[in-house]
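# Tertiary structure, described
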Amino acid sequence: MHYFGDPAIWLPFVFAALMGVSILIYVVLDGFDLGVGVLFPLAEDDEKDRMIASIGPFWDANETWLVLAVGLLLVAFPSAHGTILTALYLPVAIMLIGLILRGVAFEFRAKAPAPHKRLWNNAFFAGSLMTSLSQGFMLGMYVMGLEWTWLNVAFALLTAVFLTVGYSFIGATWVIHKTSEALQIKAVEWAKGGIWGLVLGIAAISLATPFVSARIFDKWFSWPEALYLAPLPILSAILVFWLWSMLRRMPHPEDRRSWQPFAAATALWVMAFGGMAYSFYPYVVPEQLTIYDAASAPESLFIILIGTCIVLPTIMGYTVLSYVIFRGKATELRYD
Amino acid sequence: MELETLLLSRIQFAANISFHILFPTITIALGWVLLFFKLRYNRTGEERWMEAYRFWVKIFALSFAMGVVSGITMSFQFGTNWPGFMEKVGNIAGPLLAYEIMTAFFLEAVFLGIMLFGFSRVPNWLHTLATFLVAFGTMMSAFWIIVLNSWMHTPQGFEMIDGVAHATDWSAIIFNPSMPYRFTHMVLASFLTVSFLIAGVSAFRWLIGGRTEGVRVALKTAVIGAALLIPVQIFVGDMHGLNTKEYQPAKVAAMEGNWETDTGVPLVLFAIPDEEARENRFEIGIPKLASFILTHDWNGEVKGLNDFVTEDGEVLHPRVSPVFWSFRVMVGTGLLMLLVSWTATYMIMRRKRGVEGLPKPMLYALVGMSFSGWLATLAGWYTTEIGRQPWLVHGVLSTKEAVADVPAPLVLSTLIAYLAVYAALLLAYIFVIFYLARKAARGEEIGTRVAPSPAAAPKAMPAE
């Protein structure tokens with residue numbers, strides 16, 4: 001027996017885990033800046049500037065987690081990448097156009113002549129909305145097994161709305177942390193309105209998931225497996241309750257605890273994601289292709305792993321560094 | 001139907017990657033130019049270098065954003081349109097793409113924040129370091145992508161097991177025969193593109209009266225840089241061509257418009273290649289010159305396109321016209337760059353008159369050449385990539401084997417949407433560059449992302 005066991009077994013698992021972590025980091029980090037974009041029309045002009053400033057130094061690094069996640073899917077599970085993305089051809093195209101619009105709107109709204117600014121504000125909102133909706137749609141289709149039936153599309157449309165509201169919720173908690181005064185008070189209201197999107201979204205997916213596949217149903221409701229999953233709904237319920245009571249009392253004097261809603265929202269996100277990952281494992285294309293069937297050759301995965309072990313901690317390190325450098329309340333972003 | 005999907009998918013991929021490559025072409029070299037400005041400033045303490053830095057870092061930010069978002073599109077399109085690519089050669093393409101994403105993308109994206117907005121927030125050395133790391137990251141990004149692209153042209157270091165490529169020798173894969181030429185050619189193309197962009201925009205600012213010291217150093221640096229690099233580029237391009245002749249003779253035959261294998265082949269300056277009759281019409285050529293350039297022998301033998309048709313009539317060479325013409329556009333633009341940059345340098349050097357030595361027509365010519373680098377780069381990529389057809393990976397995987405079975409109307413509708421977005425963004429990009437130039441020429445402060453307003457006034461600065 002090998003010391004590490006069979007590389008055809010542990011390498012795919014390691015890469016599935018890395019991909020999972022990337023997706024999770026992506027939905028939290030880009031989730032908040034997409035959410036800020038979705039909330040854009042609700043803000044006044046000068047507030048828009050501060051909202052942009054609160055995500056300005058981070059957004060493109062946030063988006064690269066999506067590139068890493070889809071990149072890992074591409075390089076570690078090539079056949080799954082093909083199957084999933086061909087099935088989701090249209091929502092992927094809409095998402096990409098959305099990402100393009102919002103990404104460039106960041107730059108253009110700051111540099112274009114003042115009369116054009118409104119146009120780029122709209123592009124930023126529209127791009128964020130397109131991205132969020134199509135990601136939610138893809139999530140729904142994925143959960144339902146990537147089959148284009150009317151029922152599945154209807155479900156996916158529902159998750160599209162829920163995920164968008166969920167993103168706006170985590171976006172609002174970010175704004176609470178990064179701003180002050182009137183805008184902060186506004187953001188508390190947005191968060192109160194948005195938390196329901198997250199709760200309903202988690203509920204809808206939780207209800208649908210076990211009924212799509214008997215395998216997942218067994219995983220959830222047979223003894224003792226049900227025990228492993230039990231902490232997730234209980235902890236999530238506690239977190240939602242805590243968030244709600246916290247938001248009702250916000251903002252606190254001297255800005256105390258302004259980071260807590262964002263942290264709690266992140267924790268909620270982590271749990272929802274953990275539940276999904278647990279349910280779908282070992283499948284990367286639901287009920288069709290396991291991570292072991294879809295994985296690249298072990299020798300290629302090993303080459304990638306060496307790089308990953310060096311690069312990933314570095315990335316984590318300087319991601320933290322950049323959040324530390326731009327910590328505190330969002331101020332004017334200046335090129336000096 | 002199948003054919004339509006293939007053709008539309010190819011057009012869509014070409015559209016996306018053409019749009020994408022415009023921006024890395026700028027950022028690869030502009031990062032190093034910014035580092036140069038910053039280092040000059042660190043050494044001399046002269047404000048003019050920082051003035052140039054501050055203006056061009058904004059163009060960098062804009063180009064970078066365009067590059068990031070259009071690059072994300074690419075990583076999805078492998079799956080949506082070309083699933084056969086990763087299925088067959090994923091074991092090789094995968095690690096190369098992974099290294100591109102990991103080392104480079106993140107290095108750029110994270111330090112970019114510090115480079116753009118950190119000047120007054122971090123120590124000067126860290127800001128300089130961030131500038132260096134962004135430039136280095138962009139370069140590494142280009143390196144890995146060019147490695148993969150070159151491997152698709154000149155694959156080696158692998159074996160086929162059950163129809164799937166498995167790597168056997170990574171250093172052979174990375175240092176595949178065309179990689180050193182292609183990488184050098186592309187990096188130089190990037191520096192030339194940036195040189196002409198900086199020269200053009202600076203000449204524009206100079207013409208409309210923004211004659212600051214920052215404009216002066218930028219214009220001078222760019223013109224002299226271009227003049228130094230263009231002969232190197234022509235030399236490297238020639239070596240790249242010789243390398244192509246060895247490994248992809250069909251491509252060279254298409255570039256030259258040479259149908260029949262022969263000795264003492266003329267260099268075709270102009271012709272209209274007729275794919276049906278398999279001959280050139282209206283050909284104007286210089287006798288024996290192609291043989292001399294390609295074999296360094298006036299009577300050397302050069303392979304013709306007819307050698308790449310199998311006995312049962314399958315054509316294994318690319319369509320001739322697009323390769324033939326894009327090659328001529330590239331070479332023509334390159335020669336024009338040589339002419340303009342050398343003339344301008346001579347005018348600047350003459351009696352040490354500096355930028356004042358440039359007459360108005362020359363300044364207008366430089367403005368007109370602002371995006372000449374884009375033209376040459378795109379034409380060059382079309383030459384090499386269309387020249388690779390009908391292969392996706394030369395001799396290993398054909399393009400039509402790799403395409404996804406997506407209905408043609410769906411590909412068409414998304415293609416139209418992409419094209420509309422790209423056209424709009426390209427216009428906006430060029431418009432904004434010249435808008436920023438005009439604003440800078442009027443001496444207005446630019447680039448503050450947030451207009452100061454009463455509500456934003458109480459700024460809570462981070463504790464420092």
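All figures in this text were calculated on a predicted structure; none of them were measured in a lab. (Residues numbered from 1 in each chain as written. Chains lettered and ligands numbered in written order. Predicted model: local features only at pLDDT ≥ 70, side-chain atom pairs only at ≥ 80, totals over all residues.)

Per the secondary structure count, chain B includes 14 helices and eight strands. Relative to the compact-globule value of 23 Å for 464 residues, chain B shows a C-alpha radius of gyration of 24 Å, a close match. Projected onto its principal axes, the C-alpha coordinates of chain B cover approximately 75 × 55 × 40 Å. Counting the 464 residues in chain B, one finds 51% classified as buried. By sequence separation, contacts in chain B at least 24 residues apart represent 73% of the contacts at least 6 residues apart. (Helix = DSSP H or I, 4+ residues; strand = E, 2+ residues; numbered from the N terminus. Rg over C-alpha atoms; globule rule 2.2 N^0.38 Å. Buried ≥ 20, exposed ≤ 12 C-beta atoms within 10 Å, placed from the backbone. Contact = placed C-beta atoms within 7 Å.)

Let's shift gears to the overall build of chain A. Helices and strands together make up the secondary structure of chain A, namely 14 helices and two strands. Taking 20 Å as the expected radius of gyration for a compact globule of 336 residues, we find that chain A reaches 20 Å, a close match to that expectation. Taken across its 336 residues, chain A has 53% of its residues classed as buried. Within chain A, counting contacts between residues at least 6 apart in sequence, those at least 24 apart form 76% of the total.

Okay, unusual backbone geometry next. Residues and elements named next belong to chain B. Put simply, Gln389 and Pro390 share a cis peptide bond, and its omega is 0°. Tracing the backbone shows Pro390 in the loop between helix 12 (372-386) and strand 7 (391-393). Despite not being glycine, Asp162 has its phi angle at roughly 50°, a positive value. By the element assignment, Asp162 lies in the loop between strand 1 (158-161) and strand 2 (164-167).

This part is about the interface of chain B and chain A. Taken residue by residue, the interface counts 71 residues in chain B and 69 residues in chain A. Looking at the side of chain B that touches chain A, the elements with two or more residues in it are helix 2 (47-81), helix 3 (83-117), strand 2 and helix 14 (408-441) of chain B. Here the element with the most residues in the side of chain B that touches chain A is helix 3 of chain B; it accounts for 22 residues. Here the side of chain B that touches chain A is built from residues that sort into 48 nonpolar, 17 polar and six charged. (Nonpolar A, V, L, I, M, F, W, Y, C, P; charged D, E, K, R; others polar.)

Looking now at the packing of helix 8 (residues 181-212) of chain A against helix 9 (residues 214-221) of chain A. Residue and element names in this part refer to chain A. The contact between helix 8 and helix 9 brings their axes to 5 Å, and the two run at 120°. Contacts between helix 8 and helix 9 involve Thr209, Pro210, Phe211 and Val212 on the former and, on the latter, Ile216, Phe217, Trp220 and Phe221. Residue composition of the contact of helix 8 with helix 9, by class: seven nonpolar, one polar and no charged. (Axes fitted to C-alpha atoms, helices over the stretch in contact; angles between N-to-C directions.)

All names here are of chain B. Taking burial as the measure, the eight residues of strand 5 (residues 279-286) include zero buried ones, a minor fraction of the element. Where strand 4 (residues 267-274) and strand 5 come together, six bridges link them in antiparallel fashion. Pairing of Phe270 across the sheet is with Ile284, part of strand 5. Turn length for the strand 4-strand 5 hairpin, with the two strands adjacent in sequence and antiparallel, is four residues, and the turn residue Arg278 shows positive phi of about 55°. (Pairing = 2+ DSSP bridges.)

Okay, the UniProt feature "transmembrane region" (unreviewed entry) in chain A next. All names here are of chain A. In the UniProt entry, the feature "transmembrane region" (unreviewed entry) is given for residues 12-43, 87-108, 120-144, 150-175, 195-214, 226-247, 259-281 and 301-326. Overall, residues 12-43 shows 84% helix and 0% strand. The separation of its end C-alpha atoms is 45 Å. End C-alpha atoms of residues 259-281 are separated by 33 Å, and the span's content is 91% helix alongside 0% strand. (UniProt positions renumbered as here; feature names shortened; annotations may be inferred.)

This brings us to the environment of Ala420 of chain B. Residue and element names in this part refer to chain B. Mapped onto the fold, Ala420 is located in helix 14. For Ala420, a count of 11 C-beta atoms within 10 Å corresponds to the exposed category. As a C-alpha pair, Ala420 and Gly264 span 156 residues in sequence and 48 Å in three-dimensional space.

For the rest of this paragraph, the subject is the confidence of the model for chain B. Residues and elements named next belong to chain B. Taken residue by residue, chain B gives an average pLDDT of 83. The fraction at 70 or more is 93%. The least confident element of chain B, judged by mean pLDDT, is helix 3 at 77; the most confident is helix 6 (residues 179-207) at 92. For residues 446-464, every residue scores under 50 in pLDDT, and the model assigns this stretch 33 contacts once sequence neighbours within four places are set aside. Taken over the whole predicted complex, pTM reads 0.82, whereas the ipTM for its chain interfaces reads 0.74. (pLDDT = per-residue confidence, 0-100.)

On to helix 6 of chain B. Residue and element names in this part refer to chain B. Between its terminal C-alpha atoms helix 6 stretches 41 Å, which fits the 42 Å expected from 29 residues at 1.5 Å a residue. By the criterion of burial, helix 6 is predominantly enclosed, with 25 of the 29 residues buried. Just downstream of helix 6 lies Gly209, where phi reads positive at about 100°. (Expected span 1.5 Å × (residues − 1).)

Residue and element names in this part refer to chain B. One can find Val217 in helix 7 (residues 213-247). For Val217, a count of 19 C-beta atoms within 10 Å gives the class partly exposed. Val217 sits 163 residues away from Arg54 along the chain, and the two C-alpha atoms are 13 Å apart. Every residue in contact with Val217, bar those within four places of it in the chain, is listed here: Arg48, Trp49 and Ala52.

Judged by nonpolar contacts, the single largest core of 245 residues is most densely connected at Ala69 and Ala76 of chain A together with Trp56 of chain B. Considering each element in turn, this core owes the most residues, 18 residues, to helix 2 of chain B. Leave out the neighbours within four places in its chain, and Ala76 of chain A touches Phe15, Met19, Ala295, Ser296, Leu301 and Ile304 of chain A together with Gly94 of chain B. (Core = buried A, V, L, I, M, F, W, Y, C linked by C-beta atoms within 7 Å.)

Once that is clear, we can look at helix 6 (residues 117-143) of chain A. Residue and element names in this part refer to chain A. Counted at 1.5 Å a residue, the expected span for helix 6 with its 27 residues is 39 Å, and the 39 Å between its end C-alpha atoms agrees. With 21 of 27 residues buried, helix 6 lies mostly within the body of the structure. Gly145 lies just past helix 6 and shows a positive phi near 90°.

Let's shift gears to the packing of helix 5 (residues 89-111) of chain A against helix 14 of chain B. Direction vectors running N to C along helix 5 of chain A and helix 14 of chain B enclose 10°, while the axes themselves pass 11 Å from each other. What the angle tells us is that helix 5 of chain A and helix 14 of chain B run roughly parallel. Contacts between helix 5 of chain A and helix 14 of chain B involve Tyr89, Leu90, Ala93, Ile97, Ile100, Val104, Phe108 and Lys111 of chain A on the former and, on the latter, Leu410, Thr414, Ala417, Val421, Leu425, Ala428, Val432 and Leu436 of chain B. Each residue belonging to the contact of helix 5 of chain A with helix 14 of chain B can be placed in one class, and the counts come to 14 nonpolar, one polar and one charged. (Parallel < 35°, antiparallel > 145°, perpendicular 65-115°, else oblique.)

Here the focus is the environment of Lys58 of chain B. Structurally, Lys58 of chain B can be placed in helix 2. Under the C-beta neighbour-count criterion, Lys58 of chain B is labelled buried, with 21 such atoms within 10 Å.

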